[in-house]
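Summary of the model geometry
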Amino acid sequence: MNAESMPRGGCRDIAGVFAARNRYIDIRMSESRVPIFRKPFEPSYLTFRWALLLRGYRGSVGASENQALKAPLTPVSGPVDRPWRLGIWLSAGAMLLCLFGKSDPIDNEFWHSWILEFQTAGYQGLSANYPPLLLHWLRLVAWTFSAIGITPQNSMLIKVVVTFPTLLCQLAFVDLVGRRLAQLGEAPQQSGLFWLAVFNPALLANGPIWGQVDLLPILPAYFAVTSATERARAVWALPWLVVALLTKMQSIVVVPVIAGLALRHFRQQVLGALIAIAIIALGFLPFALAGADVFDALGRAYWGNLSLYPFSTIDAANLWYLVVGKSMQPHDLSVLSSDCFPGWLVDLATPRKLGLLSYSILSLALMISAFRNTSRQYVLGLTVVSATGFFAFSSGMHERYLFFAAAFAALWGCEAPHRRHWYPLLTALLYVNMNFALNFFGHRFLRLVSAVVVLTFFGLGCQAMFQSNRLDRGYFCLCACAERHPWAPYLAFTALWLILAASLVVSQLHNSGNTLSS
C-alpha cells in the first residue's frame, strides 16, 4: 500500500496510513525470533499501537500521507537479531590459531604413553590415572592410529587429537554465555563478558596452546547446579554431577553446593541417584568388557590421586605458596615451630591438615547457604566461591586448578551483572598462575600472532581514521550468515580440525621410524 492508493479525507486518511504501518509491525513481529519491545521502553503491544496512532494524528496537521509513511519505526529490530553468534566463529578461529602454540612436553608425554598403551594392550594394560570419559576418547584415537599404522610421535598431532572434545566444549561454552545473556534480555555483542568468553586468554592458553582438558567438566557441572535449583529438574542434578566427575575429578568443588540444594528436593534425588549409578556403570563398562580391573581403574582415577602429589603447592599461587615461599615443599611439614607452640598444634599446622580443615568448614557453610537460598544467581556465586576456596586453601594444588572458578565466574556474571568484575579478575589470576609453569610462545606461534596484530591495525585504521563503513557492512553480512546457520561453526571447526589432523598424520607417515610396525 502507498500514499497514492489510499483514500483521502482527514482522520480516515490518517487511520489508513497507520493501519498499514501496524500491519507492517505485525509482520516484523511474526518474522522476528526476539521480541521487538525492550526494557525499559516495553509497553504492551495494544498501548503502543494507540500511542503510535495518537502521535501520528497529532503530527499529521499539514503533513501528507507520504510523510507519515516515511516516519521511522523505532521499536523494530535491526538487520540482524542475534549478531553475537559471530563470536562463536571468532572463538573457533582463535582456537585453531592457538593450536600452533607450543605445548608442554611433560604433559604431552602422558597423552603419548596412554595412547600407546591403548594401542599395545587396550584397557588391560592402561596405567592412566584419569576418569574414564576422556580415556574412552583416547581409546578411539588409538584405534584410529592403529588402523592407519602409526604411533603417536608428533607432539602437535597428539595435542590436536586429544584436545578435540575440549575445543568443542569451548565453543559450546561461548555459545552458552551468549545464549544466556540473550535470554535475560541483554545484547551479547554489546557485553564485555561475552567477548571475554570468546577471546579469553586463560581458556586459549589452557586448551589449544597447552593441550589440557580442564574445560571438559564445566558444562555438565553447570547443568548439575542449575538443575538442582529447580524442583522440576532436580532429578537430573546427580546424573549431571556424575558425568562431570567421570570427566575430571576437580568437579568435586560443586558437591557442597549440590548437597545443600539436594536437601531441598530430597525425593527427586532418589530417582536421580539410580540414574547416576547407571551412568557410573556405563562409564566403566568398557573396562569390564575388556577384562580390566574396574576397581583398580577407579582407584587410579579418584582416591589414588589424593596422595599423588604430597606437596604444599605445585606452582599454584595460593595460601601455601604465600606461607611456605616456594613450590614443591612437603605438605606434612608444619608451618609452626615446636619451640614456641604445643605439640598438638604443631602437628595440626601442616598445609595438608589445615587445607583439609579449611575447605571442610567452607563446604559446610556453602551447603547451608545453598539450602537456604536456591536462586540460580546466588547458587552460581556459591559455586565460584567453592572453586576459589578449593584452590586457595587446599594443599597439592596445580597452577590450573583455578580454572573451574574462572569459567563459572562467566556463567555467574550472566545472571548477576553487578558481580561481573570477578570474571576478568579470576581470568587474570588463572592466566598468571599458568605462566608460572610454562613458556607457551614459540617462534611459529609468534609469527601467526604478529600477522593478526598487523591485520588488526589495518582494520582499526580504516574505521577510526578514515571513518569507513565497509567493515560494518561486512560485519552485518557475517552476522546474518551466522544467525541463519547456528550449527555451521561447529561443523566448520570440525572440518578444519580434520584437515589439520590429517595433514599431521600424513607428515608422520613420511617418517618411517614412527610406524607401528617398527
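Everything discussed here concerns the structure shown above.
Okay, so let's go over this structure. Counting starts from 1 at the beginning of each chain's written sequence and moves along it residue by residue. pLDDT decides what is reported in this predicted model: residues at 70 or higher carry local features, side-chain atom pairs at 80 or more are listed and counted, and totals for whole chains, interfaces and linings draw on all residues regardless. Computation of side-chain values: all heavy atoms of the structure, hydrogens and water removed.

The way it works is that DSSP assigns letters per residue, a run of H or I at least four long becomes a helix, a run of E at least two long becomes a strand, and they are numbered from the N terminus. Each helix and strand in the protein was counted, giving 24 helices and 2 strands. In the protein, which comprises 518 residues, the proportion classed as buried is 46%. In this description, contact between two residues means that some pair of their heavy atoms is separated by no more than 4.5 Å. Looking at the protein alone, contacts between residues at least 24 apart form 74% of all its contacts between residues at least 6 apart. Accessible surface, the protein: about 25900 Å² in total, of which carbon and sulfur atoms supply 66%. Accessible area is worked out with a 1.4 Å probe on protein chains only. A residue is then buried under 20% of its type maximum, exposed over 50%, and partly exposed in between. Accessible areas in this description were obtained via Shrake-Rupley with a 1.4 Å probe; residue shielding takes into account the shown protein chains only.

In this structure, Trp111, Leu135, Phe173, Val177, Ile218 and Phe408 are the most contacted members of the largest nonpolar core, which totals 116 residues. Looking at this core element by element, the count peaks at 11 residues for helix α20 (residues 403-415). The contacts of Phe408, once residues within four sequence positions are left out, are Ile218, Ala221, Tyr222, Leu380, Thr383 and Val384. Remark: nonpolar core denotes a set of buried residues (Ala, Val, Leu, Ile, Met, Phe, Trp, Tyr, Cys) joined through side-chain atoms within 4.5 Å.

When a carboxyl oxygen of Asp or Glu lies within 4 Å of a side-chain nitrogen of Lys or Arg, that pair is called a salt bridge. Using the criterion set out here, one finds 10 salt bridges in the structure. Here Glu186 ties to Arg420 by a salt bridge, and the two come within 2.7 Å at their closest N and O atoms. Of this pair, Glu186 sits in the loop between α8 (164-183) and α9 (192-198) while Arg420 sits in the loop between α20 and α21 (422-437), placing them 234 residues apart in sequence. The class of Glu186 is partly exposed, set by a relative accessible area of 27%. The class for Arg420 is buried, based on a relative accessible area of 18%. Here Asp214 ties to Arg400 by a salt bridge, and the two come within 2.8 Å at their closest N and O atoms. Highlighted residues: Asp214 in the loop between α10 (201-210) and α11 (218-228) and Arg400 in the loop between β2 (397-398) and α20, separated in sequence by 186 residues. Residue classification places Arg400 among the buried residues on the basis of a relative accessible area of 8%. Taken together, the shared-partner salt bridges in this structure form one network comprising Arg180, Glu230, Arg233, Arg376 and Glu415.

Of note in this structure, Asp315 is not a glycine but carries a positive phi near 60 degrees. Mapped onto the elements, Asp315 comes out in the loop between β1 (313-314) and α16 (319-324).

Let us now look at the environment of Leu354. Tracing the backbone shows Leu354 in helix α18 (residues 351-372). Given the relative accessible area of 22%, Leu354 is considered partly exposed. Excluding its chain neighbours within four sequence positions, the residues that come into contact with Leu354 are Trp320, Leu348 and Ala349.

With their axes 10 Å apart at the nearest point, helix α5 (residues 105-121) and helix α7 (residues 155-162) run at an angle of 80 degrees to one another. Here α7 runs roughly perpendicular to α5, going by the angle between their axes. Along the contact surface, α5 presents Asn108, Trp111, His112 and Ile115, while α7 presents Ser155, Ile158, Lys159 and Val162. Following the grouping adopted for this structure description, the nonpolar residues are Ala, Val, Leu, Ile, Met, Phe, Trp, Tyr, Cys and Pro, the charged ones are Asp, Glu, Lys and Arg, and the polar ones are all others, Gly among them. Considered class by class, the residues forming the contact of α5 with α7 number 4 nonpolar, 3 polar and 1 charged. To define axes, lines are fitted to C-alpha atoms, for helices over the stretch in contact only, and angles between the resulting N-to-C directions are given on a 0 to 180 degree scale. Note on terminology: angles under 35 degrees are roughly parallel, angles over 145 are roughly antiparallel, angles of 65 to 115 are roughly perpendicular, and the others are oblique.

To estimate how far a helix should extend, the number of its residues minus one is multiplied by 1.5 Å. The end-to-end C-alpha distance of α5, which contains 17 residues, comes to 24 Å, matching closely the 24 Å that a straight helix rising 1.5 Å per residue would cover. Asp107, Asn108, Trp111, His112, Trp114, Ile115, Glu117, Phe118 and Gln119 are the residues of α5 that are buried. In this fold, the buried residues of α5 make contact with α6 (132-148), α7 and α10. Where α5 ends, the next residue or the one after it, Gly122, has phi of about 70 degrees, a positive value.

A separate point is helix α19 (residues 376-393). With 18 residues, α19 should reach 26 Å at 1.5 Å per residue; the first-to-last C-alpha distance of 26 Å fits that figure. Buried residues of α19: Arg376, Val379, Leu380, Gly381, Leu382, Thr383, Val384, Ser386, Ala387, Gly389, Phe390 and Phe391, and no others.

A word on a nonpolar patch on the surface. For patch building, the residue pool is restricted to those with more than 30% relative accessible area and no salt bridge; the joining distance is 9 Å between like charges and 5 Å between nonpolar side chains (Val, Leu, Ile, Met, Phe, Trp, Tyr). On the surface, a cluster of nonpolar side chains totalling about 410 Å² of accessible area is made up of Leu263, Phe266, Val270 and Phe371. Assignment of secondary structure puts Phe371 in helix α18. When its relative accessible area of 37% is taken as the criterion, Phe371 is described as partly exposed.

In this section: the side chain of Glu415. Inspection of the secondary structure assignment puts Glu415 in helix α20. Glu415 gets classed as buried once you look at its relative accessible area, which sits at 12%. For the purposes of these results, a polar contact is taken to be a pair of N or O atoms within 3.5 Å, where, inside protein, one atom must be able to donate a hydrogen and its partner to accept one; residues adjacent in sequence count only when each atom of the pair is a side-chain atom. Side chain to side chain, Glu415 and Arg180 meet in a polar contact 2.6 Å long.

What follows deals with the packing of aromatic side chains. For any pair of aromatic rings, the description rests on two quantities: the centre-to-centre distance and the angle between the ring planes. Here a Phe, Tyr or Trp ring, Trp counted by its six-membered ring, pairs with any other such ring whose centre lies within 6.5 Å, and the pair is stacked when the planes are under 30 degrees apart, edge-to-face when over 60, and tilted otherwise. This model, assessed by the stated rule, comprises 17 aromatic pairs. Ring centres of Trp137 and Phe164 lie 6.0 Å apart, and the angle between their planes is 35 degrees; this geometry places the pair in the tilted category. Here Phe164 lies in helix α8 and Trp137 lies in helix α6, a separation of 27 residues in the sequence. The exposure class of Phe164 is buried, given its relative accessible area of 10%. By the ring-pair criterion, three or more aromatic residues cluster together here, those being Trp84, Phe194, Trp195 and Phe199.

Of note, Ser395 is situated in the loop between α19 and β2. On the basis of relative accessible area, Ser395 is assigned to the buried category, the value being 18%. The contacts of Ser395, once residues within four sequence positions are left out, are Phe311, Ser312, Trp320, His331, Pro351 and Arg352.

The subject of this paragraph is the environment of Ser251. Following the sequence through the fold, Ser251 ends up in the loop between α12 (237-247) and α13 (255-264). Counting along the chain gives 136 residues from Ser251 to Ala387, while the straight-line C-alpha distance between them is 9.0 Å. Within the local environment of Ser251, its side chain forms a polar contact with the backbone oxygen of Lys248, the two atoms lying 3.0 Å apart.

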